[in-house]
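Commentary on secondary and tertiary structure
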Amino acid sequence: MSFDLSKWYNKHTEEKTLFSYLGEVTEETISNILDKIEVLLSEEGEDTKLFKRVYYISVETLQNLFHHSDLPVSQNNGSVIEKNVVFILSEKISNRYHITTGNFIKRSNIRVLKERIDQLNFLSKDEVRILYKLILNNEEFSEKGGGGLGMIDLVKRTGNNLSYNFYNFDEEYIFFSLRIAI
Amino acid sequence: MESIKIERTRKTPDVVFNAETGKIQIEGKSIPENSIEFYKPLVDWLDEYSNNPVENTEVNIKLEYFNTSSSKCILDVFKKLENIYKEDNNVIINWYYEEDDEDMLEAGEDYQSILKIPFKMIEMEE
């Protein structure tokens, strides 16, 4: 049976969430989500350090979705292009927030992505910082403007590993979910 | 040479690049999806300014947030300033960070370790 995005979203918003979004990601929706998160964190009375970190990780993960999502044609959904992505910010539990994102990517990207995350999860805090500076100072810039720093910065800022899953969608695409504790 | 003055938006900072006073300021959020588009005119301006800089160039960076694509562009700005400094001009970068914002302090330290230019970390009280 093919992957069902709505079901996956419903399942992952069963836990207490501060904010969740299922929909298309545009520059405008990113701005609106970030404004909303700022308000929610203020209402929570979150301290500067964690407030900024959660906001920052929200920026990076949302922009990752914007830059790196591929758009399959969904057979479940009457053969329309599946533009939807998922962004979920959990409530604070044991002094931590969690951000979960999900998006479709081409199967051909799995290997590079998996290798990159596994490598990051393997590195120590100091090694992550060294790698960050190395890539920051590297002249190359990817066409999408990220320069390969996004994932590294998530780990550098949070000091936590990235959890991920791949779900079969069709022959060409898979659904990629990423979760990080802040 | 014309100065640059850009008002902040939801995702881009206030920018003042003043060729007469040598004061350069970037303040606010820098989280645009396309950072290159925003920073290219600033890097080009510094290229021209480097031909005839004033005696003391003072750079004030007061960022609340910046995304990773901005981080590369900000480094490009700093590298232009580093070149001006290497030509025997006075250049100082003042990196402001909010009290308790360790991440912003660390980001400043990362730039400091990459660049050979006077860099001052300034903590702002909340």
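Below is a short write-up of the structure. (Residues numbered from 1 in each chain as written. Chains lettered and ligands numbered in written order. Predicted model: local features only at pLDDT ≥ 70, side-chain atom pairs only at ≥ 80, totals over all residues. Heavy atoms only, no water.)

Glancing now at the pattern of salt bridges. For the structure shown, the criterion picks out 23 salt bridges over all chains. Between K156(A) and D110(B) there is a salt bridge; the shortest N-O distance is 2.9 Å. Of this pair, K156(A) sits in helix α6 (residues 150-158) while D110(B) sits in helix α3 (residues 102-114), which puts the two residues in different chains. With relative accessibility at 11%, the residue K156(A) sits in the buried group. One network of salt bridges, with partners in common, ties together R129(A), K156(A), E106(B), E109(B) and D110(B). (Salt bridge = Lys/Arg side-chain N within 4 Å of Asp/Glu carboxyl O. Helix = DSSP H or I, 4+ residues; strand = E, 2+ residues; numbered from the N terminus. Buried < 20%, exposed > 50% of the residue type's maximum accessible area, 1.4 Å probe, protein only.)

Tracing the sequence through the fold places N67(B) in the loop between β4 (56-66) and α2 (68-86). Residues N67(B) and D88(B) lie 21 residues apart in sequence; the distance between their C-alpha atoms is 32 Å. When residues no more than four places from it in sequence are discounted, the contact partners of N67(B) are Y56(A), V59(A), E60(A), Q63(A), S30(B), I31(B), P32(B) and S35(B). A distance of 2.8 Å separates the side chain of N67(B) from the backbone oxygen of P32(B), its partner in a polar contact. (Contact = heavy atoms within 4.5 Å. Polar contact = N/O pair within 3.5 Å; in protein donor to acceptor, adjacent residues only side chain to side chain.)

Per the counting criterion, the structure on display carries 22 aromatic pairs over all chains. Judged by centre distance (5.0 Å) and plane angle (15 degrees), the rings of W45(B) and Y49(B) are stacked. Here W45(B) pairs with Y49(B), and both are found in helix α1 (residues 35-49), just four residues apart, close to one helical turn. Like Y49(B), W45(B) is buried. Both rings, one in W95(B) and one in F119(B), keep their centres 6.3 Å apart while their planes meet at 35 degrees; by these two values the pair is tilted. Of this pair, W95(B) sits in strand β5 (residues 90-98) while F119(B) sits in strand β6 (residues 119-124); the two residues are 24 residues apart in sequence, bridging distant segments of the chain. The class of W95(B) is buried, set by a relative accessible area of 0%. Judged by its relative accessible area of 10%, F119(B) falls in the buried class. Taken together, the ring pairs connect F3(A), W8(A), F104(A), Y167(A), F169(A) and F175(A) into an aromatic cluster. Positioned above the aromatic ring of Y65(B), the side-chain terminus of K52(A) is 5.3 Å from the ring centre. Over the ring of Y56(A) we find R157(A), and its NZ or CZ is 3.4 Å from the ring centre. (Phe/Tyr/Trp six-rings, centres within 6.5 Å; stacked < 30°, edge-to-face > 60°. Lys NZ or Arg CZ within 6 Å of the ring centre and 35° of its normal.)

Read these as geometric descriptors, not functional statements.
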